[in-house]
Amino acid sequence: AFALLFSAQLISTTGDVIASVAVPFAILGLGGGAGDIGLVLAARAVPLVLFLLVGGVWADRLPRRTVMIASDAVRAACEALFAILLFTGTGGVRAIAAIMFVYGAAEAFFRPALSGVVPQAVGPERLQEAYGLIAITPATGMVLGGVLGGTIVATISPAGAITFDAASFVIGITLLAFARFRHVATAERGRAFLDD
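Residues numbered from 1 in each chain as written. Predicted model: local features only at pLDDT ≥ 70, side-chain atom pairs only at ≥ 80, totals over all residues. Heavy atoms only, no water.

Our focus in this paragraph is the environment of L114. Relative to the helices and strands, L114 resides in helix 4 (residues 93–121). Through-space distance from the C-alpha of L114 to that of V46 is 20 Å; in sequence the pair is 68 residues apart. Residues within four places of L114 in sequence aside, it is in contact with L5, Q9, M68 and I134. (Helix = DSSP H or I, 4+ residues; strand = E, 2+ residues; numbered from the N terminus. Contact = heavy atoms within 4.5 Å.)

Here M68 shows up in helix 3 (residues 64–88). In this structure the C-alpha to C-alpha distance between M68 and F110, which are 42 residues apart in sequence, comes to 5.1 Å. Sequence-distant contacts of M68, that is, excluding residues within four places in its chain, are made with L5, F110, A113, L114, V117 and L176.

Moving on, we get to the pattern of salt bridges. For the structure shown, the criterion picks out 6 salt bridges. Where D16 meets R44, a salt bridge forms, and the shortest distance between an N and an O atom there is 4.0 Å. Remark: R44 occurs in helix 2 (residues 34–61) and D16 occurs in helix 1 (residues 2–29); sequence separation between them is 28 residues. R126 is the partner of E129 in a salt bridge, and the nearest nitrogen-oxygen pair spans 2.9 Å. Note on E129: relative accessible area 43%, which makes it partly exposed. The exposure class of R126 is partly exposed, given its relative accessible area of 44%. Where salt bridges share partners, they join D16, R44, E107 and R111 into one cluster. (Salt bridge = Lys/Arg side-chain N within 4 Å of Asp/Glu carboxyl O. Buried < 20%, exposed > 50% of the residue type's maximum accessible area, 1.4 Å probe, protein only.)

On inspection of all chains with the given rule, the structure shows 3 aromatic pairs. Measuring from ring centre to ring centre gives 6.0 Å for Y103 and F169, while their planes differ by 70 degrees; the resulting arrangement is edge-to-face. Pair noted here: Y103 is in helix 4 and F169 is in helix 6 (residues 158–178), with a separation of 66 residues, a long-range link. Each member of the pair, Y103 as well as F169, is classed as buried. One residue, R75, lies across the ring of Y103, its end atom 5.9 Å from the ring centre. Of note, R75 hangs over the ring of F110, and the distance from its end group to the ring centre comes to 4.6 Å. (Phe/Tyr/Trp six-rings, centres within 6.5 Å; stacked < 30°, edge-to-face > 60°. Lys NZ or Arg CZ within 6 Å of the ring centre and 35° of its normal.)

Let's shift gears to the packing of helix 1 against helix 6. Axis separation between helix 1 and helix 6 bottoms out at 8 Å; the angle between their running directions is 165 degrees. With respect to helix 6, the axis of helix 1 lies roughly antiparallel. By crossing handedness, the relation of helix 1 to helix 6 is classed as left-handed. Grouping the constituent residues of the contact of helix 1 with helix 6 by class yields 19 nonpolar, 5 polar and 2 charged. (Axes fitted to C-alpha atoms, helices over the stretch in contact; angles between N-to-C directions. Parallel < 35°, antiparallel > 145°, perpendicular 65-115°, else oblique. Left-handed = near helix turned anticlockwise from the far one by under 90°. Nonpolar A, V, L, I, M, F, W, Y, C, P; charged D, E, K, R; others polar.)

The subject of this paragraph is the nonpolar core. Core analysis: the biggest nonpolar cluster contains 27 residues, and I27, V40, F82, L86, I96, M100 and I162 have the highest contact counts within it. Counting residues per element, the ones that place at least two in this core are helix 1, helix 2, helix 3, helix 4, helix 5 (127–155) and helix 6. Dropping the residues within four chain positions of it, V40 is found in contact with V23, I27, V93, I96, A97 and M100. Membership of the second largest hydrophobic core comes to 19 residues, among which are L5, A8, F110 and V118. (Core = buried A, V, L, I, M, F, W, Y, C linked by side-chain atoms within 4.5 Å.)

This paragraph deals with helix 6. With 21 residues, helix 6 should reach 30 Å at 1.5 Å per residue; the first-to-last C-alpha distance of 31 Å fits that figure. Within helix 6 the residues assigned to the buried category are P158, A159, G160, A161, I162, D165, A166, S168, F169, G172, L175 and L176. Buried positions along helix 6 lie against helix 1, helix 3, helix 4 and helix 5. (Expected span 1.5 Å × (residues − 1).)

By themselves these figures say nothing about function.
Written as structure tokens, this is what we have:
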């Protein structure tokens with residue numbers, strides 16, 4: 001289960017970095033400027049601030065794998081729509097910003113679920129090692145995604161790079177679908193959603 005979880009996270013993180021490399025080129029290709037790039041990047045970050053706590057509460061109340069798969073499905077759809085807009089030359093910066101807002105909201109549900117599912121993937125004696133390995137995926141993804149993102153943007157297009165990110169989520173969903181996580185009992189707090 002942990003090998004599948006780790007692989008899914010590494011692949012989707014690499015895809016995220018590839019997309020991050022492509023976004024500025026995509027916006028510039030649409031005739032946008034530096035302010036438009038900032039708007040699109042902010043549109044992805046703002047929902048993380050707004051919804052991360054909410055995502056954490058849902059990750060504690062629902063099966064974490066289900067939350068992660070649903071989040072990946074939403075993000076795959078967002079990236080696929082983004083790529084379609086680029087391939088067809090339709091939409092614009094505002095449409096892309098709206099897509100990125102939905103993407104960021106889905107990410108706000110994924111992150112706490114990922115953190116919470118690790119103890120379900122390994123026994124208590126391997127927990128520190130597991131968290132250590134999961135913690136290296138962003139840096140590893142940055143190295144791999146940076147190289148691949150630049151290559152894909154230069155040889156194919158920004159839309160091609162965004163498509164690769166959508167595909168990385170589909171691969172992640174497939175890997176998570178095969179992972180069998182242990183049930184870990186959680187303390188019943190008996191508190192309301194807003195209290196949590």
